[in-house]
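Commentary on secondary and tertiary structure
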Amino acid sequence: MWLFMVPSLAVMTVVLVYPLASAIYYSFLRYYLGGGAPQFIGLANYVELLGDERFWGDLLNTVIIVGASVALQLVMGMALALALYAATRGVRLISLLNFLPNVVTPVVGAIFLKWIFIGRFGLLDATLISLDIFPPNWLGDPVWAKITLILADTWKFMPFLMLVLYAGLQAFDIQLLEAASIDGANAWQRLRYVILPMMKPLILFVVSIRAMDAFRFFDLVYVLTNGGPGTATETVTLYTYQIGFRMLEVGKASALGVITLIIVAAMIAGLILLMQRRGREAF
Amino acid sequence: MLVHLMQNQAASLILEGVFEAFPKLKIVLIEGGFAWAPSLGWRLDARWAKIRDEVPQAKQSRANCAPSSGLLGRVEPDHRFAPRNDRGIRRSALLVRGRAMTAQLGQAADSCKSSREKPFHNNGNGGKETVMPHAIGRRHLFATAAVGLAAPAILRRAHAADAAVQLISHRYPGLEYYADKLKSALPNVAVDTRLMQAPDAIQLQRLALSSGSSQLDILWANSITLASYAKSGWLEPLDDLWAKHKDEFNLGDYNQGSVAGCSYDGHIYGMPLTTNTMLYAYRSDLYDEKGLQPAKTWEDYIANAKALNSPPRRYGVVLALKSDMVNNEMQSVMNTVGDGWFDKDWRPTFNDERGVKAVETIKRLAQYCVPGFTAVHNDEHTVDMSQDIAAQGQQWATRCATMDNPEKSRVVGKIKWTVMPDGGKQVMISDTYCISRFAGKDKDMLFRLLASALREENQRGGAALMTPPRNAVLNDPALQAKYRWYPAVSQCLAIGKPLPALAEFSEASEIINKRIVQAVVGQMETKAALDAAATEVQAMLAQRGYYK
């Protein structure tokens, strides 16, 4: 059996274990790419980062953007999945059209969005102005820039949630709904007391997958705002990129990467525990 | 329905182990046809791996037979058992018994001569060979053939890419022009050009250079990146090659200011492309309409922006405060209202009282600016001016030609250019082509490639797109008359000021620019933002060995 695992283990060693080990090793170094030999400095990079208010600000930004966008995606995805479930005609076409944003390459999607949201001559501004509506400063105002990113992320990834939840609904035992109807439950009661409790494990699963993914939020924010204005939309991954590729501080960037890994791992562990606990309760 | 019933019976007999218990038993199924038998056999074969655990009765078969061959039972046509119809012709009958099923199903298939059953055949070895290995074999064959056919093309492409000279460059019309000229500069020398926005180009260059990659041969650099790369030892010093080819390419014709902009620590590291600077661009028609004059002070500049601001139709001013454009836009105000970025010991001065006033000036100006200015770079800035969205702004000399291009501009002939207020001291930056120290190609050939692409004839052709560094072209009266912005460019070059000659300015400006934008959009109080930037920059420079 071990022999079968050799190819995948070899690939994992090259693309996962080695880079991870290197990142952990580099995180203990003062390593400036612009010159000078790397120098061992122990935990100094970690101490510096944990005392850096920009890091904590970026972490807060990440949590706000991830939390809001995943919540919005869940509500909209669930609503659309239920609509598709109830629809009798054109389901395939509607689901296909809805899924298109998720298929588009992230950076290409982000460039589309930029030309929609860009000030004054963007598609959205031009449309609103032609209707005599004064548009907000989508990308230039600290609050609106966050909202724009949340909307952009929702546009891109909501279809994924919709599709998974719709697939979950397909497997749903229709007899339960019929029984609820016979017992006099209205549509809301059927949703609240029958569909949602049955869908709970799937919802928890899909939300955790999305949250982990969203924590690595980079391409959309890089293209749309580059973390700006100032640091209003700067996420932890973007800060890592700034330190690593702009400031050329490989050691510090590696330390931030390791910190991010620990945070995401803790998040996953929490969600797995939650799922296991829920599993024992059998929902 | 009947067929389904027959299949059920046959499957049940085989899978539930009847023939395990009674190996000699024969069961005849009549009046059910037999065309379904091959497909049943195929399904049982295909499903055996998955269903074997559900059919524990079929122990003997499981123990004796390879799963893929599915030797579970035997179904064969045997018309001896079939009853005759009323005209005396026998109807179909199937014999089901133990032993190798697949082979016998193959016989059934042959018997019924149906194309659907043809894949099953009897190879005479007890049914141990089924159709599946053949199908896979064909797929393998196709895949192997495809890879074989594609390989030469892939290898040729890889080889071609390897042979071509590799350029990574920023992209604007002038650089696009010279990238094109590089491709035909020398016979039999292919050039692969990769053009992108400055931050992306710089990032790629740094990755290639810091890893000592031989895949990057020539690169666009500006005064800032040139100093940084040269200090790191990533660029080839060109002094010897310059002297060697001076006469061949008339290199003495380059103006000394441009050559100085391509030098670091007394050595030439680049071939001058242009010395770019920012001009004060304004809509002369709108200024005339409102009776305004080009601003002499920053306060006038703000007043003009306010007077011409009519959102959402048109805004008073355009700014681009994304990444490196922050220090370019700020250079003039920081040097005139403020005291500049650093003192002579590289200690920050941008956060002193006058520095705070400079940033506050831009903050007041930003009230009249096209929205989203923190997320835009040069391209969007150019669109704002050329599409009648902004009334004034700082504009790179390399972008002036677009304003008079009827295909790209709605304001042809309406824009005028002059020097920035309060004595200018606006950004002045040399753009240059350099040779990587790690280039995999012959350095002499690379130098000749650059010198040839930048010969006088080509510089004349590109004179509309960027200020030429050759005196013979720059001082040509015919060209000065042809391009309306040339006089303003000359004035600006006389009073402009290069960005600080700090090799780490690129990294320092990453810190400073973020903080300045935080102050401009009101995310932080101006003094606090600049003080934070000063502290961070000093810490960074101290780590790099300054202030000892």
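Some thoughts on the interface of chain B and chain A
On the chain A side, the residues contacting the 25 residues of chain B number 28 residues. Of all the secondary structure elements, the ones that give two or more residues to the side of chain B that touches chain A are helix H8 (198-210), helix H16 (378-386) and helix H23 (505-520) of chain B. Per-element accounting of the side of chain B that touches chain A gives the leading share, five residues, to H23 of chain B. Within the side of chain B that touches chain A, the residues separate by chemical class into nine nonpolar, 10 polar and six charged.

Notes on the packing of helix H1 (residues 2-15) of chain B against helix H3 (residues 36-51) of chain B
All names here are of chain B. Where H1 meets H3, the axes come as close as 11 Å, and the angle between the chain directions of the two elements is 45°. In terms of orientation, H1 and H3 fall into the oblique class. Remark: the crossing between H1 and H3 carries right-handed chirality. Contacts between H1 and H3 involve Val3, Met6, Gln7, Ala10 and Ala11 on the former and, on the latter, Trp36, Leu40 and Leu44.

Quick look at the confidence of the model for chain B
Parts of the model with low pLDDT should not have their predicted coordinates read in detail. Residues and elements named next belong to chain B. On average, residues of chain B score 81 in pLDDT, and 81% of them reach the 70 mark or higher. Predicted confidence is poor over residues 60-73, with pLDDT under 50, and the contacts of this stretch with residues over four places away or in other chains come to 37 contacts. Predicted confidence is poor over residues 98-161, with pLDDT under 50, and the contacts of this stretch with residues over four places away or in other chains come to 73 contacts. Per the prediction output, this complex has pTM 0.71; the corresponding ipTM is 0.80.

Quick look at unusual backbone geometry
The peptide bond linking Pro311 of chain B to Pro312 of chain B adopts the cis configuration, its omega dihedral lying at 0°. By the secondary structure assignment, Pro312 of chain B is in the loop between helix H13 (298-307) and helix H14 (325-336). Positive phi is not limited to glycine here, since Asn226 of chain A has a value of about 55°. When you line up the elements, Asn226 of chain A lands in the loop between helix H10 (219-224) and helix H11 (236-246). Of note, the phi angle at Asp265 of chain B is positive, near 55°, even though the residue is not glycine.

What counts, and at which threshold
- Residues numbered from 1 in each chain as written.
- Chains lettered and ligands numbered in written order.
- Predicted model: local features only at pLDDT ≥ 70, side-chain atom pairs only at ≥ 80, totals over all residues.
- Contact = placed C-beta atoms within 7 Å.
- Helix = DSSP H or I, 4+ residues; strand = E, 2+ residues; numbered from the N terminus.
- Nonpolar A, V, L, I, M, F, W, Y, C, P; charged D, E, K, R; others polar.
- Axes fitted to C-alpha atoms, helices over the stretch in contact; angles between N-to-C directions.
- Parallel < 35°, antiparallel > 145°, perpendicular 65-115°, else oblique.
- Left-handed = near helix turned anticlockwise from the far one by under 90°.
- pLDDT = per-residue confidence, 0-100.

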